Amino acid sequence: MKNDIVVEVKDVSKVYESSSGKIPVLNGVSLSIKKGEFVGVVGDSGSGKTTLLNLLGGMDSVSSGTITVAGNVISEYDDKQRTLYRRKNVGFIFQDYNLINELTVYENIILPFQLKKKEIKEDLIDKFLAMLKLEEKKNAFPMQLSGGEQQRAAILRALLSEPDIILADEPTGNLDSKNTQIVVGLLQYFSEHMGKTIFFVTHNMALTKGCSRVITVKDGKIATR
Ligand SMILES: Nc1ncnc2c1ncn2[C@@H]1O[C@H](COP(=O)(O)OP(=O)(O)OP(=O)(O)O)[C@@H](O)[C@H]1O
Ligand SMILES: [Mg+2]
């Protein structure tokens, strides 16, 4: 594995088992992603975008093939190893339910640090809260925030915990166009200026303009351009 390759997916297949039989979703997916790439992931509903992110994030296991993320051969991990990997190496930004409602913005942001037993960099947190125009919301609860503010706080949490990869599954799905632009701009900024490796699922092709690469999931495979 070359040093600057963070994610290496080799011939990965995923077949779900359900009561009505086997559901093949991914079939022979291969992919190499370098550190700092901002990868747009597009494809029809049901094509397997979330499935791919779940595999990369260690939420689910492959049916066959190998996945290596930052030197971790996660396709060989058991459930417990995957949980540890998830905590240590992956940042998540979803469409909804990103923040824990019982915790303040600040408490949400420091949660990954606490789980990893890492030092909390207060000045860095304050700097970025200001940058994202959230400084006055530091001690607010998620319910007291707008959708855009919640999503910015979730992005901040994912970024500050310094994961090897950030997985954003339709993070703008519930936002208006202004907040959508802000969120996508932030992801792009962090990939370009801070070397963050980001997977960004969207149904809106126009939003992939700032991506360094766009992959399309189709018929169980990936088309890159
Ligand atoms: N746990 C599961 N068990 C069985 N089938 C599943 C499971 N998760 C997903 N699927 C099926 O796998 C296929 C791919 O689902 P996936 O969620 O990856 O699609 P997607 O590309 O993210 O779609 P969307 O754009 O609608 O979010 C779908 O047909 C879905 O029904
Ligand atoms: Mg999905």
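Reading guide: rules and limits
Residues numbered from 1 in each chain as written. Chains lettered and ligands numbered in written order. Predicted model: local features only at pLDDT ≥ 70, side-chain atom pairs only at ≥ 80, totals over all residues. Helix = DSSP H or I, 4+ residues; strand = E, 2+ residues; numbered from the N terminus. Rg over C-alpha atoms; globule rule 2.2 N^0.38 Å. Contact = placed C-beta atoms within 7 Å. pLDDT = per-residue confidence, 0-100. Pairing = 2+ DSSP bridges. Core = buried A, V, L, I, M, F, W, Y, C linked by C-beta atoms within 7 Å. Buried ≥ 20, exposed ≤ 12 C-beta atoms within 10 Å, placed from the backbone. Near = placed C-beta within 6 Å. Nonpolar A, V, L, I, M, F, W, Y, C, P; charged D, E, K, R; others polar. Axes fitted to C-alpha atoms, helices over the stretch in contact; angles between N-to-C directions. Parallel < 35°, antiparallel > 145°, perpendicular 65-115°, else oblique. Left-handed = near helix turned anticlockwise from the far one by under 90°.

Quick notes on the overall build of the protein chain
A count of helices and strands for the protein chain gives six helices and 10 strands. Relative to the compact-globule value of 17 Å for 225 residues, the protein chain shows a C-alpha radius of gyration of 17 Å, a close match. Seen through its principal axes, the protein chain has C-alpha atoms that stretch 50 × 40 × 40 Å. Excluding contacts between residues fewer than 6 apart, the proportion of contacts in the protein chain whose partners are at least 24 apart in sequence is 71%.

Points about the confidence of the model for the protein chain
Summarising the model, the protein chain shows a mean pLDDT of 91, and 97% of its residues fall at 70 or more. For the protein chain, strand 10 (residues 221–224) is the element with the lowest average pLDDT, namely 86, and strand 4 (residues 64–69) is the one with the highest, namely 98.

Some words on the sheet that holds strand 5 (residues 72–73)
Strand order in the open sheet made by the four strands is 2-1-4-5, with antiparallel pairing throughout. Of all strands in the sheet, those with a lone pairing partner are strand 2 (21–34) and strand 5, marking the two edges. Where strand 1 (residues 5–18) and strand 4 come together, five bridges link them in antiparallel fashion. Following the sheet pairing, Ser13 is matched in strand 4 by Ser64.

Topic: the nonpolar core
The biggest cluster of nonpolar side chains holds 54 residues, and the ones touching the most others in it are Leu56, Phe199 and Phe200. A per-element tally of this core places helix 5 (residues 147–160) first, with seven residues.

So, helix 3 (residues 105–116)
The complete set of buried residues in helix 3 reads Val105, Asn108, Ile109, Ile110 and Pro112. In the stretch just after helix 3, Lys117 is the one whose phi turns positive, near 55°.

Notes on the site of ligand 1
Around ligand 1, the structure places Tyr16, Ser18, Ile23, Val25, Gly43, Ser45, Gly46, Ser47, Gly48, Lys49, Thr50 and Thr51. Looking at the shell around ligand 1, its residues break down into three nonpolar, eight polar and one charged.

Re unusual backbone geometry
Positioned with a positive phi, Lys133 is a non-glycine residue whose angle comes to about 55°. Position of Lys133 relative to the elements: it lies in the loop between helix 4 (122–131) and helix 5. Accessibility expressed as a C-beta count within 10 Å gives 12 for Lys133, which makes it exposed. Positive phi is not limited to glycine here, since Glu162 has a value of about 50°. Take Glu162: it is sitting in the loop between helix 5 and strand 7 (165–169).

Considering the environment of Gly58
Tracing the backbone through its elements, the reader meets Gly58 in the loop between helix 1 (49–56) and strand 4. The exposure class assigned to Gly58 is buried, which follows from the 24 C-beta atoms found within 10 Å. Each C-alpha atom, one on Gly58 and one on Ile74, is 6.9 Å from the other, the two residues being 16 residues apart in sequence. Ignoring sequence-local partners within four residues, the contact set of Gly58 consists of Ile74, Tyr77, Arg82, Tyr85, Arg86 and Val90.

Let's talk about the pairing of strand 4
Where strand 4 meets strand 5, two bridges bridge the pair, whose relative direction is antiparallel. Residue Val69 lies in a different strand from strand 5, and its bridge partner there is Asn72. Linkage of strand 4 to strand 5, two consecutive antiparallel strands, is achieved through a turn of two residues, within which Ala70 is found at a positive phi near 50°.

Focus: the packing of helix 3 against helix 5
Direction vectors running N to C along helix 3 and helix 5 enclose 25°, while the axes themselves pass 8 Å from each other. Classified by the angle between their axes, helix 3 and helix 5 sit roughly parallel to one another. Seen from above, helix 3 lies across helix 5 with right-handed handedness. In contact with Val105, Asn108, Ile109 and Pro112 of helix 3, helix 5 contributes Ala153, Leu156, Arg157 and Leu160. Of the residues belonging to the contact of helix 3 with helix 5, the class tally is six nonpolar, one polar and one charged.

A look at the packing of helix 5 against helix 6 (residues 177–194)
With their axes 10 Å apart at the nearest point, helix 5 and helix 6 run at an angle of 10° to one another. When the axis of helix 5 is compared with that of helix 6, the two are roughly parallel. Contact residues: Gly147, Gly148, Gln151, Ile155 and Leu159 in helix 5; Asn179, Ile182, Val183, Leu186 and Phe190 in helix 6. Among the residues making up the contact of helix 5 with helix 6, the classes are represented as six nonpolar, four polar and no charged.

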